[in-house]
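# Observations on the three-dimensional arrangement
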There are 2 protein chains.
Amino acid sequence: MDKDKIDKKDHILDVAERVFSEKGFDGASTRLISGEAGVNMAMLNYYFGSKDGLFLAVFQRKIASFQDILQNLGNDGSISAWSKMEQYIELYGDKVVANNCFQKLLYQEMGMNRGNDLSHKLRDMLLKNVTELDKILNEGIANGEFKKDIDVAMVIATLYGTKNYILNTPMMAEPLLGYDITDDKMIETRLKPQIKSFMKNLLKAYLFN
Amino acid sequence: MDKDKIDKKDHILDVAERVFSEKGFDGASTRLISGEAGVNMAMLNYYFGSKDGLFLAVFQRKIASFQDILQNLGNDGSISAWSKMEQYIELYGDKVVANNCFQKLLYQEMGMNRGNDLSHKLRDMLLKNVTELDKILNEGIANGEFKKDIDVAMVIATLYGTKNYILNTPMMAEPLLGYDITDDKMIETRLKPQIKSFMKNLLKAYLFN
DNA sequence: CAAAGTTAATCAAACGATTGATTAAAGTAA
DNA sequence: TTACTTTAATCAATCGTTTGATTAACTTTG
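Parameters and conventions
- Residues numbered from 1 in each chain as written.
- Chains lettered and ligands numbered in written order.
- Predicted model: local features only at pLDDT ≥ 70, side-chain atom pairs only at ≥ 80, totals over all residues.
- Heavy atoms only, no water.
- Least-squares fit on C-alpha atoms with pLDDT ≥ 70 in both.
- Contact = heavy atoms within 4.5 Å.
- Salt bridge = Lys/Arg side-chain N within 4 Å of Asp/Glu carboxyl O.
- Helix = DSSP H or I, 4+ residues; strand = E, 2+ residues; numbered from the N terminus.
- Buried < 20%, exposed > 50% of the residue type's maximum accessible area, 1.4 Å probe, protein only.
- Phe/Tyr/Trp six-rings, centres within 6.5 Å; stacked < 30°, edge-to-face > 60°.
- Lys NZ or Arg CZ within 6 Å of the ring centre and 35° of its normal.
- Domains from an automatic or database assignment.
- Polar contact = N/O pair within 3.5 Å; in protein donor to acceptor, adjacent residues only side chain to side chain.
- Buried area = accessible area lost by both parts, 1.4 Å probe.
- Nonpolar A, V, L, I, M, F, W, Y, C, P; charged D, E, K, R; others polar.
- Expected span 1.5 Å × (residues − 1).
- Axes fitted to C-alpha atoms, helices over the stretch in contact; angles between N-to-C directions.
- Parallel < 35°, antiparallel > 145°, perpendicular 65-115°, else oblique.
- Left-handed = near helix turned anticlockwise from the far one by under 90°.

### A short note on the relation of the copies chain B and chain A
When chain B is fitted to chain A, the residual RMSD is 0.1 Å, and the transformation amounts to a turn of 180° plus an axial shift of 0.0 Å. What the rotation and shift describe, once combined, is the action of a two-fold rotation axis. Relative to the rotation axis, the C-alpha of Gly161 of chain B is the closest in chain B, positioned 2.2 Å from it. Counting the interface residues of chain B, we find that 100% of their copies in chain A are interface residues as well, pointing to one common contact surface.

Quick look at the structure:
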C-alpha cells in the first residue's frame, strides 16, 4: 500500500543521511548507500533520479522542520532579551543535538563551498536563525539589558561553533567530555543538559554588566 | 638542483593542501591536483607514492610546526593561570588563523572518522594542546583564581569551536562579521584581533568570580 | 467470475566515464 | 655514459547511471 512506499523512501533517506555524514558526498558511493539500505542500486535513481537528487532529498526532508524553530521567539516584546536567549538555547539544544547526524552533514556541505543552489538554500535557512539571534541580542543591548560593547557576531559564532565542535569531531570531544557522545542515551541524559547549562552560564557571564 | 626538487614538492603540497581542503579527500582527484599544480599526474605517485601518501605528506609537513605551539606555557608556575590563558589565545590565534586552509582540512579529516593511522596521529597531536589547556584551567581552579564550578571541557570546546565555525564555514561567518574573511589582509587586520579580543573577554567573564 | 491489460516496484547485468596507479620511452643534468 | 625527471599512454577498478526483464497488485474487459 501507499504507506509502505513512503516508509521505504524514508528508510533510504535515513541511511543516506547517515552514510553521507560519515563518508562525505564523494566518499559515499551509491553502491554503499543502497547496500546499507538493503535495496537494489537502481532504486536510488528510480526514486530520486540521481545521486544529487538523493542528496538534495536528504536535505529537503529536514529543512521544513528547521526553518520554523524560532517562530515563537523574538516577536513577544513582553519578555526580556535574556529569557529569549534562554528559550533559544533550550529549543536549539533539543532540536539540533537530536539531529546530530544531519547537523554534521549540514555543516560539512556548508564548509565545502560548492556553487550549488543547495548551498544557497542551506545558507539562507541557517541565516534565518542567525539573524533572529542577532535581533534578540541587539534588542538586549538597546534596552540596556546587556552590555553595549558585546560582540554580537562572535557570540553567535560561539553558540553554533561550540555545538559543532562537539558533535562534528567526537574523536576530540569524547576524551574531553569523558563519555560516549555517539550513544543516544548519553546525548540525552548528559550532553544535552551540559551544553544547555554551560551555554547559559557562559553567556550570562559575558552579556551582563 | 636539489633546491628545485624541494621547491617543486613543496609547491605540490601547497596546491594539494588547498584542493583537499576545498573538495575533500575523495572529491579531490589526482588529475585535478596535478593539473592545478602544473605537473604531470604521474609526478604525484613518483614523489609521494600514492594519493594517500600525498595526503599524509600534506599533514606531516605541518604537524611539526603545530605540536610545539605550547612548549613554553604551563611549565612556568610563576605566572598566573589567566595570563597563561591569554598567552595561549594569542599564540593560538596567530598560528591557527594563519593556517586556516590547513585547519579546515584538519578538522574535516577529524570529523570523517576513518580508522586510519593518520586520524589517530592527528587526534594525538591536537589532544596535546587540549590537555595543556586542560592543565592550565585546572591549575587556575586549584589556586582559587578561577571559579571552581567552571566546565573545563566546554571551555575548550568553545575556544576551538568558535574559531572552527568562522574559518570552516565562511559562507555563514561572512554575513555575520560583515567583511571578507577569505582575504588574507582582512584576516590579519580584523579577524585575528577580533577573535583574540572576544575570546579573552568571553573567558574573563566566565572564569572569574 | 475469470482472462487480459495496466501499472509501479524491483532486480541483475551492463554501460560509458572517471578514478588512482603503472608503464616504457623520452628528456635532462652531472 | 649514468642517474634522475618528466611525459604520454595505458591499466584494472570503481564510479553513477541505464537497461530490459520480472514480479506483484490492481483494473478493465468479456
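### Quick look at the pattern of salt bridges
When the charged atoms of two side chains lie near each other, side chains of opposite charge can form a pair. Residues and elements named next belong to chain A. The tally for this structure, following the rule as stated, stands at 32 salt bridges over all chains. Residues Arg61 and Asp10 are paired through a salt bridge, measuring 3.5 Å at the closest nitrogen-oxygen approach. Pair noted here: Arg61 is in helix H4 (residues 51–67) and Asp10 is in helix H1 (residues 2–27), with a separation of 51 residues, a long-range link. For Asp10, a relative accessible area of 33% corresponds to the partly exposed category. Between Glu22 and Arg18 there is a salt bridge, with the nearest N and O atoms lying 3.5 Å from each other. Pair noted here: Glu22 and Arg18 are both in helix H1, with a separation of 4 residues, about one helical turn. For Glu22, a relative accessible area of 36% puts it in the partly exposed group. Where salt bridges share partners, they join Glu90, Asp94, Glu188, Lys192, Lys196 and Lys200 into one cluster.

### Quick look at the packing of aromatic side chains
Aromatic ring pairs: the centre-centre distance and the angle between the two ring planes describe each pair. All names here are of chain A. Within the structure shown, the criterion is met by 28 aromatic pairs over all chains. Judged by centre distance (5.6 Å) and plane angle (10°), the rings of Phe20 and Phe25 are stacked. Overall, the relative accessible area of 0% leaves Phe20 in the buried class. Its relative accessible area of 15% is what places Phe25 among the buried residues. Aromatic side chains Tyr92 and Tyr160 sit 5.4 Å apart centroid to centroid with 85° between the ring planes, which places their arrangement in the edge-to-face category. Of this pair, Tyr92 sits in helix H5 (residues 81–98) while Tyr160 sits in helix H8 (residues 152–168), and the two are 68 residues apart along the sequence. The class of Tyr92 is buried, set by a relative accessible area of 3%. The residue whose ring lies beneath Lys147 is Tyr206, and the NZ or CZ to ring-centre distance is 5.5 Å.

### So, the domain arrangement of chain A
When the parts of a complex come together, some accessible area is lost, and that lost area is often taken as the interface size. All names here are of chain A. Its domain assignment divides chain A into domain 1 (1–49) and domain 2 (60–207). Averaged C-alpha coordinates put domain 1 and domain 2 at centres separated by 29 Å. Every contact between the two is made by 10 residues of domain 1 and, on the other side, 8 residues of domain 2. At the junction of domain 1 with domain 2, the criterion picks out 5 salt bridges. For the salt bridge of Arg61 with Glu17, the shortest nitrogen-to-oxygen distance reads 3.3 Å. In this assembly, domain 1 and domain 2 are joined by 6 residue pairs in polar contact (both at pLDDT 80 or more).

### Things to note about the interface of chain B and chain A
Chain B puts 45 residues into the contact, and the matching count from chain A is 45 residues. A combined buried area of about 4000 Å² lies between chain B and chain A, and 78% of that area is made up of carbon and sulfur atoms. Viewed at the interface, chain A and chain B are joined by 0 salt bridges. On the surface where chain B and chain A come into contact, there are 6 residue pairs in polar contact (both at pLDDT 80 or more). Those elements giving two or more residues to the side of chain B that touches chain A turn out to be helix H1 (2–27), helix H6 (100–111), helix H7 (117–142), helix H8 (152–168), helix H9 (170–177) and helix H10 (184–207) of chain B. Of the residues that constitute the side of chain B that touches chain A, the class distribution is 24 nonpolar, 15 polar and 6 charged.

### What to know about H8 of chain A
Because the α-helix completes a turn every 3.6 residues, residues three or four places apart line up on one side. The end-to-end C-alpha separation of H8 of chain A is 24 Å, in line with the 24 Å expected for 17 residues at 1.5 Å each. By the criterion of burial, H8 of chain A is predominantly enclosed, with 17 of the 17 residues buried.

### Side note on the packing of helix H5 (residues 81–98) of chain B against H10 of chain B
Residues and elements named next belong to chain B. In the contact formed by H5 and H10, the axes pass within 10 Å of each other and the chain directions differ by 155°. By the criterion of interaxial angle, the relationship of H5 to H10 is roughly antiparallel. Pair H5 / H10 crosses with right-handed handedness. Two secondary-structure elements touch here, H5 through Trp82, Met85, Glu86, Ile89, Glu90, Gly93, Asp94 and Val97 and H10 through Ile187, Leu191, Lys192, Ile195, Lys196, Met199, Lys200, Leu203, Lys204 and Leu207. Looking at the contact of H5 with H10 residue by residue, the class counts come to 10 nonpolar, 1 polar and 7 charged.

### Some words on the environment of Asp180 of chain B
Residue and element names in this part refer to chain B. Inspection of the secondary structure assignment puts Asp180 in the loop between H9 and H10. Placed 71 residues apart in sequence, Asp180 and Glu109 show a C-alpha to C-alpha distance of 25 Å. Apart from the residues lying within four places of it in its own chain, the contact partners of Asp180 are Glu174 and Met186.

### A short note on the packing of H8 of chain A against helix H9 (residues 170–177) of chain A
Residues and elements named next belong to chain A. Here H8 crosses H9 at 95°, and the two axes come no closer than 5 Å. Classified by the angle between their axes, H8 and H9 sit roughly perpendicular to one another. Judged by residue contacts, Tyr165, Ile166, Leu167 and Asn168 of H8 engage Pro170, Met172, Ala173, Leu176 and Leu177 from H9. Split into classes, the residues belonging to the contact of H8 with H9 amount to 8 nonpolar, 1 polar and no charged.

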